[in-house]
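Report on the structure
Spelled out from the first residue to the last, the chains are:
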Amino acid sequence: PTDTEEQESSGTNSGDYGEEYQPLLPSRETSLRILTTALSPLDYRKWRRKPWYWRLFKVFKVPVELVLLLTVPIVDPDKDDLNWKRPLNCLHILTSPLLCVLTLKSGTYGLYQIQGVFPVWGLVTLVGSVLAIITFITTSNEEPPKYHCVFAFLGFLASAMWINAAATELVNILRTLGVIFQLSNTVLGLTLLAWGNSIGDTFSDLTMARQGYPRMAFSACFGGIIFSILWVPGGGGGVGCLRQMTSSQLVVKLEPDSLLVWILAGALGLSLVFSFVSVPAQCFQLGKAYGVCLILYYLAFLCVALLTEFRVIRLS
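Model, not experiment: these values are computed from the prediction.

What follows deals with the overall build of the protein chain. A count of helical and extended segments in the protein chain gives 13 helices and two strands. Relative to its 316 residues, the protein chain shows a buried fraction of 21%. Sequence-distant contacts, at least 24 apart, represent 59% of the contacts inside the protein chain between residues at least 6 apart. Approximately 23,600 Å² of the protein chain is accessible, and the part contributed by carbon and sulfur atoms is 67%.

Set out below in structure tokens:
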């Protein structure tokens, strides 16, 4: 017989005997193996293909990724099992609430003692441990439970707490730099803090505009900042000021006697009036000239504000 006939016959025989040698019971991973695999932030195949600088950067990222895997549950609807990891998700029931308690108000609420005897973090640990044990007993490794969507809300809350903690520490670092270099909070807010808050919106707006959604990107430039000012507690106003005034009955004072405050208010108002007039005048078809004018306007405003802060420009 020819080589082709031999290959066909061998393929037929192997197919006939393939079903016979299949295991009767499917292999199941143990909970310890699932937990170890889920907590491994390294992909060894990718590790071998990547260059040395990527590996070096990955070494510094591994501790952070490990902490995030331990505290933030992820529900992936694109996967068949919705990313259900039974031992890790049960561990999230303990770690995520504990993270929220210890990062809220820099751990002030977590260290608070109930009746001066039992700390709040201890109560959260006790309740979380009981719920984790119940979840582990009543679920299986193969199929996610019906209430698996609750872990998505828990992951969102844990992510928000991590972002809040990172932002708080970043502001503290900026204040420390301000004390070292003798810079006021106004200068830090105009420069480092403003750039840090805007860099994410900048890249997202650029991406949306390049993908063919310029209206969405343009509206996000104004809507995102307004939402942050009015509603986000750390945005500088709105809910944060209202809560502070309600709790302490204090009046928020902006110190209008300072020249810099008038420059900030005037520059903001002039920028909004300029956009309000120029955008309809161009029939809502904006070109590069409009963007260049806004950038030059911002640089001029920043120079005047810094010169005013350092008292190069001052009233007699």
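A few words on helix 7 (residues 150–180). End to end, helix 7 covers 45 Å across 31 residues, agreeing with the expected 45 Å (1.5 Å per residue, within 8%). Here helix 7 has its buried residues at F151, L154, G155, A158, M161, A165, L174 and G178. Packed against the buried residues of helix 7 are helix 4 (52–71), helix 5 (86–103), helix 8 (185–190) and helix 9 (192–210). Downstream of helix 7 by a residue or two, Q182 has a phi angle that is positive, lying close to 60°.

Once that is clear, we can look at a nonpolar patch on the surface. Taken together, the side chains of I173, L177, I180, F181, L192, W195, V292, I295, L296, Y298 and L299 present a nonpolar region at the surface, about 1,100 Å² in accessible area. Elements represented by at least two residues in the nonpolar patch include exactly helix 7, helix 9 and helix 13 (288–309). Looking at the nonpolar patch, the element that brings in the most residues is helix 13, giving five residues. In this structure L192 comes out as partly exposed when scored by relative accessible area, which is 38%.

Under the UniProt annotation, the feature "transmembrane region" (unreviewed entry) is placed at residues 52–75, 87–104, 116–137, 149–167, 173–195, 216–239, 259–277 and 289–308. The distance from the first to the last C-alpha atom of residues 116–137 is 34 Å, and the span holds 82% helix and 9% strand. Regarding residues 289–308, the helix share stands at 100% and the strand share at 0%, and the terminal C-alpha atoms are separated by 28 Å.

The subject of this paragraph is helix 13. Taking 1.5 Å per residue as the helical rise, helix 13 with its 22 residues ought to reach 32 Å, and the 32 Å between its terminal C-alpha atoms agrees with that figure. What helix 13 keeps buried is the set Y290, F301, L302, A305 and T308. Projected onto a plane normal to the axis of helix 13, the buried residues spread over an arc of 130° and lie on a single side. Counted as exposed and oriented over 90 degrees from the buried face of helix 13: K288, A289, I295 and L296.

Glancing now at unusual backbone geometry. Positioned with a positive phi, N83 is a non-glycine residue whose angle comes to about 60°. Along the chain, N83 falls in the loop between helix 4 and helix 5. For N83, a relative accessible area of 15% gives the class buried. One non-glycine residue, C283, lies in the positive phi region at around 55°.

Inspection of the entire model under this criterion finds six aromatic pairs. With a centroid separation of 5.9 Å and an interplanar angle of 85°, the aromatic rings of W52 and Y53 are classed as edge-to-face. Its relative accessible area of 65% is what places W52 among the exposed residues. You can call Y53 exposed: its relative accessible area is 52%. We note K50 situated over the ring of W54; from NZ or CZ to the ring centre the distance is 5.8 Å. The ring of F136 is capped by R86, whose NZ or CZ atom sits 3.8 Å from the centre of that ring.

The next thing to look at is the pattern of salt bridges. Counted under the stated rule, the structure contains two salt bridges. Residue E65 pairs with K58 through a salt bridge whose shortest N-O separation is 3.0 Å. The exposure class of K58 is buried, given its relative accessible area of 11%. E65 is the salt-bridge partner of K61, the closest N and O atoms lying 3.6 Å from each other. Placement of the pair is K61 and E65 together in helix 4, with a separation of four residues, close to one helical turn. A single salt-bridge network, built from bridges that share partners, covers K58, K61 and E65.

Parameters at a glance
Residues numbered from 1 in each chain as written. Predicted model: local features only at pLDDT ≥ 70, side-chain atom pairs only at ≥ 80, totals over all residues. Heavy atoms only, no water. Helix = DSSP H or I, 4+ residues; strand = E, 2+ residues; numbered from the N terminus. Buried < 20%, exposed > 50% of the residue type's maximum accessible area, 1.4 Å probe, protein only. Contact = heavy atoms within 4.5 Å. Areas by Shrake-Rupley, 256 points an atom, 1.4 Å probe, with all protein chains shown as cover. Expected span 1.5 Å × (residues − 1). Patch = residues over 30% accessible without salt bridge, like charges linked within 9 Å, V, L, I, M, F, W, Y side chains within 5 Å. Salt bridge = Lys/Arg side-chain N within 4 Å of Asp/Glu carboxyl O. UniProt positions renumbered as here; feature names shortened; annotations may be inferred. Arc of directions from axis to C-beta. Phe/Tyr/Trp six-rings, centres within 6.5 Å; stacked < 30°, edge-to-face > 60°. Lys NZ or Arg CZ within 6 Å of the ring centre and 35° of its normal.

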